[in-house]
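Listed below are the residues making up each chain.
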Amino acid sequence: GENVEQHPSTLSVQEGDSAVIKCTYSDSASNYFPWYKQELGKGPQLIIDIRSNVGEKKDQRIAVTLNKTAKHFSLHITETQPEDSAVYFCVLLSGSARQLTFGSGTQLTVLP
Amino acid sequence: SQTIHQWPATLVQPVGSPLSLECTVEGTSNPNLYWYRQAAGRGLQLLFYSVGIGQISSEVPQNLSASRPQDRQFILSSKKLLLSDSGFYLCAWSAYVNTGELFFGEGSRLTVL
């Protein structure tokens, strides 16, 4: 199936700093790229998504960028807060398989 | 509003015993339903999905099975658990198959001893 690589696997930042998580993929037909946040002991929740006809999307402190040529997309969190601490997953919809594929996740820790 | 319930929240079972995890969705009709497993580490692996009553697609050959006896009920089962079945199982629903938002339940943590 479609492969998506997510980096880094762990990320620690000081409160107020920015955090960036990057994912790369190989299927050029992929056209939907959501990001999910999973807090400890809970199911993941969608926080932002982007479709292939857009290069960037922002929602308050969260932004996602997509580079279809280079086949990577990134999550940017600015002015991080302790409640941003969670596991973040990039996801993509494979154009060929029509399945959502989850990245391996990034454990983000925001230090007060 | 729509809600998804999943139970039990935690389960400790001996090797070789049966398993039944249940998931129900409220507030929507004909949802697409999914079972994911999250093993040690953090990745989510799709196990089964269903687009309607009695329609089950299996993504990974394994010791588990799924059933959808009612429109908003999805059950994950095993006749004989293996140690490797331990993990965090997540039920989810969506309005559209794999093209929109997934709404996850709170998860069921299974430990096989």
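This text goes with the structure placed above it.
Summarised in this report is the structure supplied together with it. (Residues numbered from 1 in each chain as written. Chains lettered and ligands numbered in written order. Predicted model: local features only at pLDDT ≥ 70, side-chain atom pairs only at ≥ 80, totals over all residues. Heavy atoms only, no water.)

## Considering the pattern of salt bridges
All names here are of chain A. Counted under the stated rule, the structure contains six salt bridges over all chains. Here Glu-39 ties to Lys-42 by a salt bridge, and the two come within 4.0 Å at their closest N and O atoms. Overall, the relative accessible area of 38% leaves Lys-42 in the partly exposed class. Across the salt bridge formed by Asp-49 and Lys-57, the nearest N and O atoms sit 2.9 Å from each other. (Salt bridge = Lys/Arg side-chain N within 4 Å of Asp/Glu carboxyl O. Buried < 20%, exposed > 50% of the residue type's maximum accessible area, 1.4 Å probe, protein only.)

## Here we look at the nonpolar core
Residue and element names in this part refer to chain A. One finds Phe-33, Trp-35, Phe-73, Leu-75, Tyr-88 and Leu-108 to be the most contacted residues of the largest nonpolar core, which totals 22 residues. When contributions to this core are tallied by element, the ones reaching two or more residues are strand E2 (10–14), strand E3 (19–25), strand E4 (32–38), strand E5 (45–51), strand E7 (62–67), strand E8 (72–77), strand E9 (86–93) and strand E11 (106–111). With near-sequence residues (within four places) excluded, Leu-75 lies in contact with Ala-19, Val-20, Ile-21, Trp-35, Ile-47, Ile-48, Ile-62, Ala-63 and Tyr-88. (Core = buried A, V, L, I, M, F, W, Y, C linked by side-chain atoms within 4.5 Å. Helix = DSSP H or I, 4+ residues; strand = E, 2+ residues; numbered from the N terminus. Contact = heavy atoms within 4.5 Å.)

## Things to note about the environment of Thr-24 of chain B
Residues and elements named next belong to chain B. You can see Thr-24 is positioned in strand E3 (residues 19–26). When the C-alpha atoms of Thr-24 and Trp-93 are compared, they prove to be 9.5 Å apart, with 69 residues separating the residues in sequence. Contacts of Thr-24, omitting those with residues within four sequence positions, involve Thr-3, Ile-4, His-5, Trp-7, Arg-72 and Gln-73.

## Some words on the interface of chain B and chain A
Taken together, the contacts link 18 residues of chain B with 22 residues of chain A. At the surface where chain B touches chain A, the tally comes to zero salt bridges. Applying the counting criterion to the chain B and chain A interface returns two residue pairs in polar contact (both at pLDDT 80 or more). Mapped by element, the contributors of at least two residues to the side of chain B that touches chain A are strand E4 (32–38), strand E5 (44–52) and strand E9 (87–94) of chain B. Of all the elements, E5 of chain B adds the most residues to the side of chain B that touches chain A, at three residues. (Polar contact = N/O pair within 3.5 Å; in protein donor to acceptor, adjacent residues only side chain to side chain.)

## Here we look at the sheet that holds strand E1 (residues 3–7) of chain B
Residues and elements named next belong to chain B. Pairing within the open sheet is antiparallel, and its four strands lie in the order E1-E3-E8-E7. The open sheet has two free edges, formed respectively by E1 and strand E7 (65–70), since each of these has just one partner strand. Ignoring which end each strand starts from, the neighbouring axes of this sheet average 20° apart. Pairing of E3 with strand E8 (residues 73–78), which is carried by six bridges, proceeds in the antiparallel orientation. Across the sheet, Leu-21 pairs through a bridge with Leu-76, a residue of E8. (Pairing = 2+ DSSP bridges. Axes fitted to C-alpha atoms, helices over the stretch in contact; angles between N-to-C directions.)

## Things to note about the pairing of strand E6 (residues 56–59) of chain A
The sheet contact formed by E6 of chain A and E7 of chain A spans four bridges and is antiparallel. For Lys-58 of chain A, the partnering residue across the bridge sits in E7 of chain A and is Ala-63 of chain A.

## What about unusual backbone geometry?
Going from His-7 of chain A to Pro-8 of chain A, the amide bond is cis rather than trans, its omega being -5°. By the element assignment, Pro-8 of chain A lies in the loop between strand E1 (4–7) and E2. Here Trp-7 of chain B and Pro-8 of chain B are connected by a cis peptide whose omega angle stands at 0°. Examined against the element boundaries, Pro-8 of chain B turns out to sit in the loop between E1 and strand E2 (10–13). Here the phi dihedral of Glu-79 of chain A falls at roughly 45°; this positive angle occurs in a residue that is not glycine. Residue position: Glu-79 of chain A is located in the loop between E8 and E9. Classification of Glu-79 of chain A as exposed rests on a relative accessible area of 54%.

The quantities given are spatial measurements derived from coordinates; they are silent on function.
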